[in-house]
Amino acid sequence: MSLTNAMSIGEKAVANAQVSINTTSNNIANAETEGYQRADAVYDSTGNITVYGDSLGTGADIIAVQANWDSFIEKQYLAASADLASSEIQSKYLTQMDSIFNQTDEEGLAAAQDEFLSAWNDLSTYPDSLAEREALLGEADSLVYALNSTSSELKDMSASVESEIIEQVDTANELIDSIGLLNEQIAANPDNYELVASRDQAIRELDELIGVEVLSYEDGSTKVYTETGQPLVEGEETHHLAVAYDSDTSKTGLFWESGSGALIDITPMNDADGDPVSGRTDSGSIAGLFITRDEYIQPTLDKIDDYTSALIWETNVTHSQGAGLEPHTSVEGTYSVDDQTAVLSNSGYDFADKITSGEFSIYIYDADGNVTGNSSIAVDPSADSLDDVAADINAAFAGTLTASVNSDGELEIDAVGDASFEFGEDSSGFLAAVGINTFFEGSSAGDIAVNDYVSSDPSHLNAGQVGDDGTVSSGSNDTAKSINDLLSGTVSIGEGASATNASLTEYLAAIVSDVGAAASTAETQVTCDTAAAQIYADQQESVSGVNVDEELVSLTKAQQQYEAACQIISVTREMIDTILGIV
């Protein structure tokens, strides 16, 4: 009986050694496999039996091959990893933004703005000089190019973020489905540690896209849910993410699909104090992309547009009341309306809200440049339409001027015969709003341009003003000086909650400074988050990672175990043969 038991023990030991060698070999083979969890064979004694009053052991069985994994460390790692993914994607785009606004004394938006406004100062010194006018137009073109290109690059960056959001959400949904399928397979075969390792690696990849938390079920499957509690995977059941247009914010948002198909908004959002809104995700790279778009790119683009709009308006208001080297024979507005009969306050003009009740002056000259008449045209934006103003001009200057609205919805004023005209003081802002006698066209950084009327004929670049007697003195430079003062003067910039009073120089410097500070902060955040995530990654690696040297030791140990087990069988068989020989 005891020899039979010894033979059985030997056979079990051989089988156990084979499993240990296989397990160790598999560890070595997967040493470089991402997400692989080192496995160990779990031994358990098969108990004792009593033979002739003696208690004898019966050997051991391998009851499982178990992966090494610390779920508590993993929970901390997932939180740190999701924060790192969010800060990395923000840092990536903020670094690009910082390079767009890279400022030096000679390059960048600030330098272009200073050169443009300084050129007006140069023109005020030599107001009749065509060379100074050409130089000013060159600086204006440089500023326009800088604003156009900045706007274009920010919009391209925003489009890139949108595309990356869609791509990452698609990847997240693929991972969600994969985790659900693996959960189903694990529930049917809980001992398959490689399926578990694959599932845990998929959870890590999903966590980098959208921060998750994990609960484990008794059958080995898991529940994976967002940090705000929305389940993404429950066993084999899955819930997808979606990118959809949000009419409340007029932009795309991130949504979680409930079991009923309803979409729950989980787009990252901060409150007025800058704190994350409850119920909204704020970690993982998808959240980082939304934060980058909504907290940095779009606000910066809005500020650049506000700055440009203020630059256009302030320059045009001053320029439209000025006079160049030659009077006008025909002018055309650069802004248009869809309905020329609508009151000006509801006309759709880009600067309609800046038209106030007031009046503007027109002076008429004969072929010799002598003043032949003048009149003021009253404007009430709540009562007058563009047609009404055109009719008032025709009534006031019958026989010398004709005013009309062309097929594009633009106001046109033409002199009759040899007459010509100039514009004087405008207390209503009408001329600037409709684009008559203005320097700039457009209303934002994306469409600002120098008025063709000025760029094609520098004599219509206004440096001076019409005097009280209707004449324009040679050397008049009041308009040029006023526009140069915009460099340091306080103006109104922005509308609504973003409205502020500041100089154009201060406002632009603040935009550049904010972008640089945000890029620097994001870089620091990446450094901190990387350190935190690495700590938990190293701890988990010490538990589940494969050390080839250690595995070689285990392999040698299993080899010796196998040889010893074979010796047990060999010795026992010899003893049994001896006994059988005696019998």
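Since the model is a prediction, treat every value here as computed from it, not as a measurement.

1. Quick look at the environment of Gly-467
With respect to the helices and strands, Gly-467 occurs in the loop between strand E21 (464–465) and helix H10 (478–484). Here Gly-467 falls in the partly exposed class, since its relative accessible area comes to 23%. Expressed as a C-alpha distance, the spacing of Gly-467 and Ala-323, which sit 144 residues apart in the sequence, is 9.8 Å.

2. Looking at the pairing of strand E6 (residues 222–226)
Of all five residues that make up E6, four are buried, and the element is covered over most of its length. Adjacent in sequence and paired antiparallel, E6 and strand E7 (residues 231–234) are bridged by four residues, among which Gly-229 carries a positive phi angle near 100 degrees.

3. Details of unusual backbone geometry
The residue Ser-250 is not glycine, and still its phi comes out positive at about 60 degrees. Mapping Ser-250 onto the fold places it in the loop between strand E9 (241–246) and strand E10 (251–257). A positive phi angle, near 60 degrees, is found at Asn-437, a position not held by glycine. Within the secondary structure layout, Asn-437 lies in the loop between helix H8 (430–434) and strand E19 (440–441).

4. A word on the sheet that holds strand E8 (residues 237–238)
Spatial strand order, E5-E6-E7-E8: four strands in an open sheet with antiparallel pairing. Strands at the two margins of the open sheet, each flanked by one partner only, are strand E5 (212–216) and E8. Sheet topology note: the E6/E7 ladder contains three bridges and is antiparallel. For Lys-223, the partnering residue across the bridge sits in E7 and is Glu-234. Contacting E6, E7 and E8, helix H4 (residues 130–188) runs over the sheet at an angle of about 25 degrees to E7.

5. Overview of helix H2 (residues 71–100)
Counted at 1.5 Å a residue, the expected span for H2 with its 30 residues is 44 Å, and the 44 Å between its end C-alpha atoms agrees. Two or three places before Phe-72, at the start of H2, stands the capping residue Asp-70, its side-chain oxygen 2.9 Å from that residue's backbone nitrogen.

6. Brief notes about the packing of H2 against helix H6 (residues 285–319)
For the pair H2 and H6, interaxial distance at closest approach is 7 Å and the crossing angle is 30 degrees. If you check the angle between H2 and H6, you find them roughly parallel. Taken as a pair, H2 and H6 cross one another with a handedness that is right-handed. Facing Ala-85, Ser-86, Ile-89, Gln-90, Tyr-93, Leu-94 and Met-97 of H2, the residues of H6 in contact are Ser-285, Gly-288, Leu-289, Ile-291, Thr-292, Tyr-296, Ile-297 and Thr-300. Each residue belonging to the contact of H2 with H6 can be placed in one class, and the counts come to nine nonpolar, six polar and no charged.

7. Structural notes on the nonpolar core
By size, the foremost hydrophobic cluster in this structure holds 111 residues, and its most contacted members are Phe-116, Leu-206, Ile-393, Phe-430 and Phe-439. Excluding residues that lie within four positions of it along the chain, Phe-116 makes contacts with Leu-136, Glu-139, Ala-140, Leu-143, Leu-311, Phe-439 and Phe-440. In this structure, Met-7, Ala-13, Val-14 and Ile-569 belong to the second largest nonpolar core, which totals five residues.

8. Focus: a negative patch on the surface
Together, Glu-34, Glu-88, Glu-205 and Glu-208 line one region of the surface with negative charge. As for its placement among the helices and strands, Glu-88 is situated in helix H2.

9. Structural notes on the sheet that holds strand E13 (residues 330–332)
Here three strands make up an open sheet; going across it, the order is E13-E17-E16 and the pairing antiparallel. One side of each edge strand has no neighbouring strand; the edge strands of this open sheet are E13 and strand E16 (401–405). When the angles between neighbouring strand axes are averaged without regard to direction, this sheet yields 10 degrees. Sheet analysis places E13 next to strand E17 (residues 411–415), joined by three bridges and oriented antiparallel.

10. Remarks on the packing of aromatic side chains
For the structure shown, the criterion picks out nine aromatic pairs. The rings of Phe-116, Trp-120, Phe-439 and Phe-440 are connected pair by pair, giving a single aromatic cluster. The side chain of Arg-204 reaches across the aromatic face of Tyr-77, ending 4.0 Å from its centre. The ring centre of Tyr-225 lies 5.4 Å from the NZ or CZ of Lys-223, which sits over that ring.

The rules we used
Residues numbered from 1 in each chain as written. Predicted model: local features only at pLDDT ≥ 70, side-chain atom pairs only at ≥ 80, totals over all residues. Heavy atoms only, no water. Helix = DSSP H or I, 4+ residues; strand = E, 2+ residues; numbered from the N terminus. Buried < 20%, exposed > 50% of the residue type's maximum accessible area, 1.4 Å probe, protein only. Pairing = 2+ DSSP bridges. Contact = heavy atoms within 4.5 Å. Axes fitted to C-alpha atoms, helices over the stretch in contact; angles between N-to-C directions. Expected span 1.5 Å × (residues − 1). Polar contact = N/O pair within 3.5 Å; in protein donor to acceptor, adjacent residues only side chain to side chain. Parallel < 35°, antiparallel > 145°, perpendicular 65-115°, else oblique. Left-handed = near helix turned anticlockwise from the far one by under 90°. Nonpolar A, V, L, I, M, F, W, Y, C, P; charged D, E, K, R; others polar. Core = buried A, V, L, I, M, F, W, Y, C linked by side-chain atoms within 4.5 Å. Patch = residues over 30% accessible without salt bridge, like charges linked within 9 Å, V, L, I, M, F, W, Y side chains within 5 Å. Areas by Shrake-Rupley, 256 points an atom, 1.4 Å probe, with all protein chains shown as cover. Salt bridge = Lys/Arg side-chain N within 4 Å of Asp/Glu carboxyl O. Lys, Arg positive; Asp, Glu negative; His and termini not counted. Charge placed at Lys NZ, Arg CZ, Asp CG, Glu CD. Phe/Tyr/Trp six-rings, centres within 6.5 Å; stacked < 30°, edge-to-face > 60°. Lys NZ or Arg CZ within 6 Å of the ring centre and 35° of its normal.

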